[in-house]
Amino acid sequence: MTAENNNKITDELIAQIPELFKQFNKEHFAAQTTCDDIVTLWVSSKRIIAILSFMKSITDPFDMLYDLYAVDERLRLDKNQYPILDFTVVYQLLSINRNKHIRFKVALDETPLEIATITHLFKNANWYEREAWDLFGITFIDHPLLTRILLPPTFKGHPLRKEFPGRATENDPFTLDEQKLQKEQQALKFIPEQWGMKKSNDDNDYMFLNLGPNHPSVHGVFRIALQLDGERVIDAVPDIGFHHRGAEKIAERQTWHGFIPYTDRIDYLGGVMNNFPYILAIEKLAGIEVSERVKCIRVMLSECFRILSHMLFFGTFAQDIGQLSPIFYLFIDREKLFAIIEAITGARMHPSWFRIGGLAQDLPQGWDKMMLEFTDYFPNKLDEYEVMVMQNSIIKIRSIGIGQYTKQQAIDWGVTGPGLRATGCDYDLRKVSPYSGYENYDFTVPLDDQGDAYARCKLRVEEMRQSIRIIKQCIKHMPQGPYKAEHPCTTPPMNNLSKNDIETQIQHFLNTSWGAVMPNGESSFAVEATKGINSYSIISDGTSSSYRTRIRTPSFPHLQMIPEISKGLMLADLIVIIASIDFVMADVDR
Amino acid sequence: MTSWLTPLIILIVLLLLGAWSIWLERRVLALWQDRLGPNRVGPFGLLQVVADMIKIFTKEDWVPPFADKVLFIISPMIVMIMTLLGFAIIPFAPNIQIAQFDHALLFLLAISSLSVYSIMLAGFSSNSKYALLGAMRTAAQMISYEVFMGLALMGVVILADDFSLSAIVAAQADVWFICYQPLGFVLFFIAGIAEIHRAPFDLPEAETEIVAGFHTEYSSMKFGMFFIGEYLGVILISSLITTLYFGGWQGPFLPPLLWFILKTGFFILFFILLRAAIPRPRYDQLMVFAWYILLPLSLLNLLVTGAVKLSLLG
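Since we're looking at a predicted model, the values are computed, not measured.

### A short note on the environment of L571 of chain A
Checked against the element boundaries, L571 of chain A lands in helix α22 (residues 571-581). By relative accessible area, L571 of chain A is classed as buried at 0%. L571 of chain A sits 341 residues away from G230 of chain A along the chain, and the two C-alpha atoms are 9.2 Å apart. If we skip the residues at most four places from it in the chain, L571 of chain A touches L209, L211, L226, E231 and V233 of chain A together with L133, E209 and I210 of chain B.

Here it is in structure tokens:
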């Protein structure tokens, strides 16, 4: 492929979104071919606002800002192919109606490293732009409050820039003296004026309550600064970043294979569900086809983790409303399923079991018996728990009508997963764009039209039942076949071949010592994860590790909408809302 | 038994029972929740209480620098003293009772009102936001629930024609008052839960919402006093229910004291069961429940009881 061919706007491309090219001259765009079949267009920073607002206004609009991220392109090896400058800002829009993504890329010079904000077009752009500023130092002009979001306010530098060291050993040892401690403490102080909050109304002063980062029901290290009038929430400012571990930076230093265990810990309740989009994105990039058996095992294990994650959600939801017992019952049942996961993968919560081009091992003998036992046992228990929790009248009065939002609100904020489907929007990737053989399974996507906390919980209970259905079908129809593909990029490769001829042995040696080299290109994959749509966008420069790995997690946008749905409610309602969102802070902060 | 020995024995037994019921709650809750609970220290984990006491007594007795020191220290004492004083009027058995006087029930209402101060003062003196929220919730909750607690009790008083607990027990020689006052019993029971702020009415210390509510800043034995105070409260309300509605120490075959313990124990277990089963309503829902539903019901109960009694007297 030459550069010219690559960048040309073909008729085929125009046919995909004719509206866009009717409105704008095709000279303004440069196309990029990616492995994921998402239309990717380069545009200039002057036109991006007009284009994005147009995309939002057409019939069947691209009205969800699915992702916004930046790339530091200064060390790219294949710079000549695209209109690349020093940095790139990527806007990925999703149209639910069309079930289609579109990606716009804007190349930016290092000086001045700035671009206009799109917060007036997309509400959820606020955090994404703050994140891009935080990690890359890209200024978004006219952004309401461009401050650090993932890193502490006192942090120096922008870590996802290529010159920033990727290992702690490249820095001096960390110390924390009294003075520095005081400085850090001061920096964490919540200043209401900064967020445009008044300290009092005509009658009385507001109370500013710092809920978290250590609070029994914020599910990890999440902080919300609340403006309270009595117990009524006037306004809220979610503060994230306490769980940030720089997963995207780590991805740039690990090999493709070596990053798999890190993905497990993104949504730490999702287990192999996190491996899924990463592995699939790489397989797409490398063009690896896996056997039906691998696909089926992957689906089965992922559905197990969906159940595990929903179980925990269900228990904590009841617990946060004050019902103490269900969480224990669900933990006991979780143990039963973890025992099966352990028997299959050797680990419980973070198996890191999927491999590029296959799985770590084949299924052990007797797996089906264990699995069948569980699928027979759990549905009855689930019915019992549903009566206990969902039909409890106090749970009902506490959660019906609380944290309610409409389908449009959900799209505006980038909500996906059960939170979106609870508003009546039938959008489940397993159905609308099936992957890994999901089209072969018979299951329904639970929907609800209330969009409140109760609906979100009820929907997840039903999802557990559907997952059981899928697992039963997996057990019944498990295909025979190899558990790894015979592709040179498969890591680690099947070693039966490498024992016979020198070529595959060399390949094996290189793959396990340096790591497999993935072909040059760009790819992404989105899966319906436990909490919403999780996707990995990867850019390969043709080396043994990724040039840029972008992890789009569902919880990040979900938390951003908390202020909108909790205003005017009581403090206790806020807890119900937090419980019903089902987030994991590691998933938010990465 | 000399007269000064009885109160002392009762006091010691009560304190032990208060501490021991923590063990009971943990074990029974665990049983209902498919867990084991504390079973390591001593037979069945019975000595867990001793271990906890040693721990709690040897912890640093810390007062936060931002707190109002005097009130902060006094508050946990109030709750202990008030709850223990409440036991003074309970007839455990025909001649085991500390103080026998005519207006015992009024004394009890007064005592329980005073114990509200303990929690309010604890919340305010802590000078912490969560504690303040807890204190605000307590003040609102207790004041509302005390209103109809008193009203619910009046049904019993009308039936027995007396405010003294011994007389009330004596009046139940033939039929327990639960038969005449089922509604009054339910009302008093609900009010009792709210009064000692146990689940589901544990809003003042709802840990998933306001961390630990009024005792967020408390530690070591000062926290321990709130803790034991709560369990003493459970025992107090249970013994009151026994005394007022279930014939007190009366019962066939077994000795009176054993009857009293059995009945009271049953209600203690019921309190624990409630905690295992029921989620927590919201603060404003609790208020609406009290003023719109329970208060009219208790007035109705009083009215009907009075009317029936008057018509029978004829």
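### Thoughts on helix α8 (residues 182-195) of chain B
Residues and elements named next belong to chain B. Taking 1.5 Å per residue as the helical rise, α8 with its 14 residues ought to reach 20 Å, and the 20 Å between its terminal C-alpha atoms agrees with that figure. Summarising burial for α8: 11 of the 14 residues are buried, a large majority. Listing the buried residues of α8 in full gives G184, F185, L187, F188, F189, I190, A191, G192, I193, A194 and E195. Summarising the contacts, the buried residues of α8 are in contact with α4 (104-126), α5 (129-160), α7 (177-180), α10 (220-245), α11 (256-277) and α12 (283-313).

### Focus on the packing of aromatic side chains
Under the definition given, this model contains 42 aromatic pairs over all chains. Where F246 of chain B meets F267 of chain B, the ring centres are 5.0 Å apart and the plane angle is 50 degrees; that geometry is what we call tilted. You can see F246 of chain B sitting in the loop between α10 and α11 and its partner F267 of chain B sitting in helix α11, a full 21 residues away along the chain. For the residue pair F246 of chain B and F267 of chain B, the accessibility class agrees, reading buried in each case. An aromatic cluster of three or more residues is present, and its members are W176, F185, F188, F189, Y245, F246, F266, F267, F270 and F271 of chain B. One Lys or Arg, R298 of chain A, reaches over the ring of F354 of chain A and ends 5.6 Å from the middle of that ring.

### Thoughts on the packing of helix α9 (residues 272-286) of chain A against helix α10 (residues 292-321) of chain A
Residue and element names in this part refer to chain A. At a minimum axis distance of 8 Å, the contact between α9 and α10 shows a crossing angle of 145 degrees. Across the interface between the two elements, V272, M273, F276, I279, L280 and E283 from α9 touch R298, L301, S302, F305 and R306 from α10. Looking at the contact of α9 with α10 residue by residue, the class counts come to seven nonpolar, one polar and three charged.

### Looking at the domain arrangement of chain A
One frequent convention defines the size of an interface as the accessible area lost when the parts assemble. Residue and element names in this part refer to chain A. Each assigned domain of chain A is listed with its residue range as follows: domain 1 (3-141) and domain 2 (247-589). The gap between the C-alpha centroids of domain 1 and domain 2 is 28 Å. Across the boundary between the two partners, domain 1 contributes 33 residues, which contact 36 residues of domain 2. Surface buried jointly by domain 1 and domain 2 totals about 3100 Å² across both partners, of which 52% is contributed by carbon and sulfur atoms. Interface area lost by domain 1 to domain 2 is led by Y66, K123 and W127, which between them contribute 21%. Applying the counting criterion to the domain 1 and domain 2 interface returns five salt bridges. On inspection of domain 1 and its partner domain 2, the count reaches 21 residue pairs in polar contact (both at pLDDT 80 or more). If you list the elements that add at least two residues to the side of domain 1 that touches domain 2, you get β3 (64-72), β4 (87-95), β5 (100-108) and α5 (125-136). Considering every element that reaches the side of domain 1 that touches domain 2, the biggest residue donor is β3, with eight residues. Its residues assigned to classes, the side of domain 1 that touches domain 2 comprises 15 nonpolar, six polar and 12 charged.

Rules used throughout
Residues numbered from 1 in each chain as written. Chains lettered and ligands numbered in written order. Predicted model: local features only at pLDDT ≥ 70, side-chain atom pairs only at ≥ 80, totals over all residues. Heavy atoms only, no water. Helix = DSSP H or I, 4+ residues; strand = E, 2+ residues; numbered from the N terminus. Buried < 20%, exposed > 50% of the residue type's maximum accessible area, 1.4 Å probe, protein only. Contact = heavy atoms within 4.5 Å. Expected span 1.5 Å × (residues − 1). Phe/Tyr/Trp six-rings, centres within 6.5 Å; stacked < 30°, edge-to-face > 60°. Lys NZ or Arg CZ within 6 Å of the ring centre and 35° of its normal. Axes fitted to C-alpha atoms, helices over the stretch in contact; angles between N-to-C directions. Nonpolar A, V, L, I, M, F, W, Y, C, P; charged D, E, K, R; others polar. Domains from an automatic or database assignment. Buried area = accessible area lost by both parts, 1.4 Å probe. Salt bridge = Lys/Arg side-chain N within 4 Å of Asp/Glu carboxyl O. Polar contact = N/O pair within 3.5 Å; in protein donor to acceptor, adjacent residues only side chain to side chain.

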